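# Coordinate analysis (summary)
These are the residues of each chain, in order.
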Amino acid sequence: MRKIYAIGIGAGDPEHLTVQAVDRLNRVDVFFVLDKGSAKADLVQLRQEILERFVSRPGYRVVSAKDPDRDRKPADYRTAVADWHQLRTDVYEQLIRDELADGETGAFLVWGDPALYDSTIALIEAVLARGNVAFDYEVVPGISSISALVARHRTTMNQIGRAVQLTTGRRLAEGWPSDADDVFVLLDAHTTFDQYADQGLWIYWGAYVGTPDEILLSGPLDEALATKIRETRAAARERHGWIMDTYLLRRPV
């Protein structure tokens, strides 16, 4: 039986790896890497650094495949994501079927935590559901982007006795959640926090958290700070060719 690990590798710092993650890395015969192109070569390089630093087992292989392109401005967002996931499932199935022999162990190194805003588990389940290749799999948790964010800002995820919500910029644009005082926002390409400036909120924002390029900004969310974050984000994206950021909006109680 083939075995697959989905290993959380943290938000950018190689030292985010857990002892469990390092143990599983050293059981792997084949590491699968999805290449997102030259603009995101840093993400592939980090994975290579992790292997060189923590894997002492000789003879492992690294197999790369092109990550399918995704429509970034679709008329129907959910349909576009479903189509993209279908293409990625094809890639996952091909890698597991053709690159992993019976009895071997493969692994996908997942940015952050595989259980938080990541499709790896769903894609692995989709491959299994097709029934074309048999394997077992295990999920190894990692330090998520939101855990790293609040740690670097030296704050907490929640206020005592208050609710927390995780959402996207797309959903936040529809309105503030009715029953949450702390809202983590991921996948926000349009700086939706702008529409909440001068409403008595605090923001804890971070980009490339845990990496040498880390940027952190925080404070009462007024027009001046919103503008500073927006300009800082745009400049960083221009400089690196990509950006990975998240933020916490807090309504003090």
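Residues numbered from 1 in each chain as written. Predicted model: local features only at pLDDT ≥ 70, side-chain atom pairs only at ≥ 80, totals over all residues. Heavy atoms only, no water.

### Topic: the packing of aromatic side chains
For clarity, the cut-off: Working definition: a ring pair exists when centres of Phe, Tyr or Trp rings (six-membered ring for Trp) sit within 6.5 Å. Plane angles under 30 degrees give stacked, over 60 give edge-to-face, the rest tilted. Numbering of helices and strands runs from the N terminus; a helix is a DSSP stretch of H or I covering at least four residues, while a strand is a stretch of E covering at least two. Classification of residues uses two cut-offs on accessible area relative to the type maximum, computed with a 1.4 Å probe and protein chains only: under 20% is buried, over 50% is exposed, and between them is partly exposed.
Considering all chains together, one arrives at seven aromatic pairs under this definition. The interplanar angle of 40° and the centroid separation of 5.1 Å between the aromatic rings of phenylalanine 32 and phenylalanine 108 together place this pair among those described as tilted. One end of the pair, phenylalanine 32, is in strand β2 (residues 30–35); the other, phenylalanine 108, is in strand β4 (residues 105–110), with 76 residues separating them in the sequence. Each of the two residues, phenylalanine 32 as well as phenylalanine 108, counts as buried. Cluster of aromatic residues (ring-pair linked, three or more members): Phe32, Tyr92 and Phe108.

### Overview of helix α2 (residues 41–54)
Defined as follows: Working rule for helices: expected span equals 1.5 Å times residues minus one. Of all possible arcs, the one meant is that of the directions from the helix axis to the C-beta atoms. The contact definition used throughout considers only heavy atoms, calling two residues in contact when any of these lie within 4.5 Å.
With 14 residues, α2 should reach 20 Å at 1.5 Å per residue; the first-to-last C-alpha distance of 20 Å fits that figure. Three or more residues of α2 are buried, namely Leu43, Leu46, Arg47, Ile50 and Leu51. With its buried residues spanning 140° around the axis, α2 presents them on a single face. Taken together, the buried residues of α2 touch α1 (19–25), β2, β3 (61–66) and β4.

### Some points on the packing of helix α3 (residues 77–99) against helix α4 (residues 120–130)
This is how it is decided: For helices, the fitted line uses only the C-alpha atoms of the stretch in contact; every axis is such a line through C-alpha atoms, and the angle between N-to-C directions lies from 0 to 180 degrees. Here roughly perpendicular refers to angles of 65 to 115 degrees, roughly parallel to angles under 35, roughly antiparallel to angles over 145, and oblique to all remaining angles. If you view the pair so one helix is near and one far, a crossing is left-handed when the near helix is turned anticlockwise from the far one by less than a right angle, and right-handed when it is turned clockwise. Three residue categories are used. Nonpolar comprises Ala, Val, Leu, Ile, Met, Phe, Trp, Tyr, Cys and Pro, charged comprises Asp, Glu, Lys and Arg, and polar comprises the others, including Gly.
Interhelical geometry of α3 versus α4 gives an angle of 70° and a closest axis separation of 9 Å. Compared by their axis directions, α3 and α4 come out roughly perpendicular. Helix-helix and strand crossings are classified by hand; for α3 and α4 the assignment is right-handed. When α3 is examined against α4, the residues His85, Gln86, Arg88, Thr89, Asp90, Tyr92 and Glu93 are found in contact with a partner set consisting of Thr120, Leu123, Ile124, Ala126, Val127 and Arg130. Looking at side-chain class alone, the contact of α3 with α4 contains five nonpolar, four polar and four charged residues.

### Considering the sheet that holds strand β5 (residues 135–140)
Short version of the rule: Strands pair, by our definition, only if DSSP identifies at least two bridges between them.
The strand order across the open sheet built from five strands is β3-β2-β4-β1-β5, with neighbouring strands paired in parallel fashion. Looking along the sheet, the strands with just one partner apiece sit at the ends: β3 and β5. Averaged over neighbouring strand pairs, the angle between their axes works out to 25° when direction is ignored. Of the strand pairs in this sheet, β2 and β3 are connected by six bridges, and their pairing is parallel. Bridged to valine 30 within β3 is arginine 61. Sheet strands in contact with α2 are β2, β3 and β4, and its direction is about 125° off that of β4.

### Brief notes about unusual backbone geometry
The backbone of tyrosine 117 shows a phi angle near 50°, a positive value even though the residue is not glycine. Tracing the backbone shows tyrosine 117 in the loop between β4 and α4. Notably, tyrosine 208 is not glycine yet its phi reads approximately 50°, a positive angle. With respect to the helices, strands and loops of the structure, tyrosine 208 is situated in the loop between β8 (202–207) and β9 (215–220). A relative accessible area of 4% means that tyrosine 208 is categorised as buried.

### Quick word on helix α5 (residues 145–152)
Within α5, the full set of buried residues consists of Ile146, Ala148, Leu149 and Val150. Of the surrounding elements, those touching the buried residues of α5 are β6 (164–168), β7 (182–186), β8 and β10 (245–250).

### Considering the side chain of arginine 233
With respect to the helices, strands and loops of the structure, arginine 233 is situated in helix α7 (residues 223–240). Apart from the residues within four sequence positions on either side, arginine 233 is in contact with Asp188, Ala189, Thr191, Trp205, Ile243 and Asp245.

### Looking at the pairing of β7
Across the five residues of β7, five count as buried, placing the element largely inside the fold. Residue alternation in β7 divides its side chains into two sets, Asp182, Phe184 and Leu186 and Val183 and Val185, and both sets are buried. Pairing analysis gives four bridges linking β7 to β10, with the strands arranged antiparallel. Counted as the bridge partner of phenylalanine 184 is leucine 248 from β10.

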